[in-house]
Structures are given as C-alpha cells and as structure tokens.
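Here is what each chain is made of, one letter per residue.
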Amino acid sequence: MAKRFEQTTGPSQRQQRVAELVRHALAEVLSRGDLQDEALTRNVITIPEVRMSPDLKLATAYVMPLGGKDEDTVIKALEKNKKLLRQEVARRVNLKFAPDLRFRRDESFDEAARIDALLRSERVARDTAKPTDNASDDNDEQD
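Quantities reported herein were computed from a predicted structural model and do not represent experimental measurements. (Residues numbered from 1 in each chain as written. Predicted model: local features only at pLDDT ≥ 70, side-chain atom pairs only at ≥ 80, totals over all residues. Heavy atoms only, no water.)

Caption draft 1: The overall build of the chain, seen in detail. The secondary structure content of the chain amounts to 7 helices and 3 strands. Counted from the first residue to the last, the chain has its helices and strands arranged as α-α-β-β-α-α-β-α-α-α. Within the chain, the fraction of its 143 residues that count as buried is 28%. Considering only contacts within the chain whose residues lie at least 6 apart along the sequence, 63% involve residues at least 24 apart. (Helix = DSSP H or I, 4+ residues; strand = E, 2+ residues; numbered from the N terminus. Buried < 20%, exposed > 50% of the residue type's maximum accessible area, 1.4 Å probe, protein only. Contact = heavy atoms within 4.5 Å.)

What follows is the structure, encoded as structure tokens:
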C-alpha cells in the first residue's frame, strides 16, 4: 500500500512558486529604483534565489551586487529598507500574509568559481586527458 503523505526533503511546489513570485517582485522594486537609498541605487543587485519557509511567512532572499562590490553595504541597506520592501512585495504578490524578508549573501558564485578552479587543475586535466596511442596499440596486439 502506497504512503499517502510522504516526507520530502526539498521545498514544495507551492513554496517554489511563491519564492519565484517574491524574487520577481523584489527584482522589480530594486531595478525600478523605488528605494531612495544610495547604496541600492548605486549598485545593480542580482537576486538569484529566494527560499520560502513551509508556512510561507518567511522569505530568505540571496543577493549579490553586480561585480561583488560593496556586499556588506548592500545587505545592510536592504535590511534597513526591509519594511518598505515587504510592503512592495505584499502589494505585488497576492498572499494571505506578507512574508518577512531576510537578506543573505549569495555564495553560489563563489562555489561555482571554486568548482571551475578544480576542473581546471592539473590533477583533473590529467585524469580527463585522452589516452595515448600506446594504449590503443596494446589493444590491437591483443586481437
């Protein structure tokens, strides 16, 4: 008999859908320059991901200024303008409760750079190199 309620480890489809709506709303507010904060108007801010809590009352937005400059300043400015951003998200996204916003530094770019450096390292290049002709000659002799 199949289990009726299975425990999943990842976010539900609803969480993902609402997170994407919140991400688009935040990106629209930041790109239009609705906030009168110098740190936010001076930098182009990327929001690659938003994660919602299961009850949809908490949204964690992962942000990164373009070029990675002034990260701390931008996150502090976003935290300072959290109330206005929450109002704008509530106006743009139709939910029963406006989610509380948290802003975190997006570390996925750092992780991608680390993996890229690993893939370009000598050890990996040696393992992925094409086999030499000697190995194919040995196979021909065995036939």
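Caption draft 2: Layout of the pairing of strand β2 (residues 58-65). For β2, the buried fraction is high: 7 of the 8 residues fall into the buried class. Of the pairings in the sheet, the one linking strand β1 (residues 45-52) to β2 comprises 6 bridges and is antiparallel in character. Paired with Arg51 across the two strands is Thr60, which belongs to β2. With antiparallel pairing between neighbouring strands as the criterion, β1 and β2 make up a hairpin whose turn holds 5 residues, including Leu56 at a positive phi of roughly 65°. Examined bridge by bridge, β2 and strand β3 (residues 100-105) share 6 bridges and lie parallel to one another. By the bridge assignment for β3, Tyr62 is matched with Arg104. (Pairing = 2+ DSSP bridges.)

Caption draft 3: A look at the environment of Ala19. Looking at the element boundaries, Ala19 is found in helix α1 (residues 13-32). Ala19 sits 39 residues away from Leu58 along the chain, and the two C-alpha atoms are 9.9 Å apart. Sequence-distant contacts of Ala19, defined by excluding residues within four places in its chain, comprise Val50 and Met52.

Caption draft 4: Expanded view of the sheet that holds β2. Strand order across the open sheet formed by 3 strands is β1-β2-β3, with mixed pairing between neighbours. Only two strands of the sheet have a single partner each, and these edge strands are β1 and β3. Between one strand and the next, the sheet's axes are offset by a mean angle of 30°, whatever the strand orientation. (Axes fitted to C-alpha atoms, helices over the stretch in contact; angles between N-to-C directions.)

Caption draft 5: Inspection of the nonpolar core at higher detail. Of all hydrophobic cores here, the largest spans 27 residues; its most connected members are Val22, Leu26 and Leu85. Those elements that place two or more of their residues in this core are α1, α2 (38-42), β1, β2, α3 (71-80), α4 (82-92) and β3. For this core, the element with the most residues is α1, which contributes 7 residues. If sequence neighbours within four positions are ignored, Val22 has contacts with Val50, Met52, Ala59, Val89, Val93, Pro99 and Leu101. (Core = buried A, V, L, I, M, F, W, Y, C linked by side-chain atoms within 4.5 Å.)

Caption draft 6: Region of the structure containing unusual backbone geometry. Of note in this structure, Leu56 is not a glycine but carries a positive phi near 65°. Turning to its location among the elements, Leu56 is positioned in the loop between β1 and β2.

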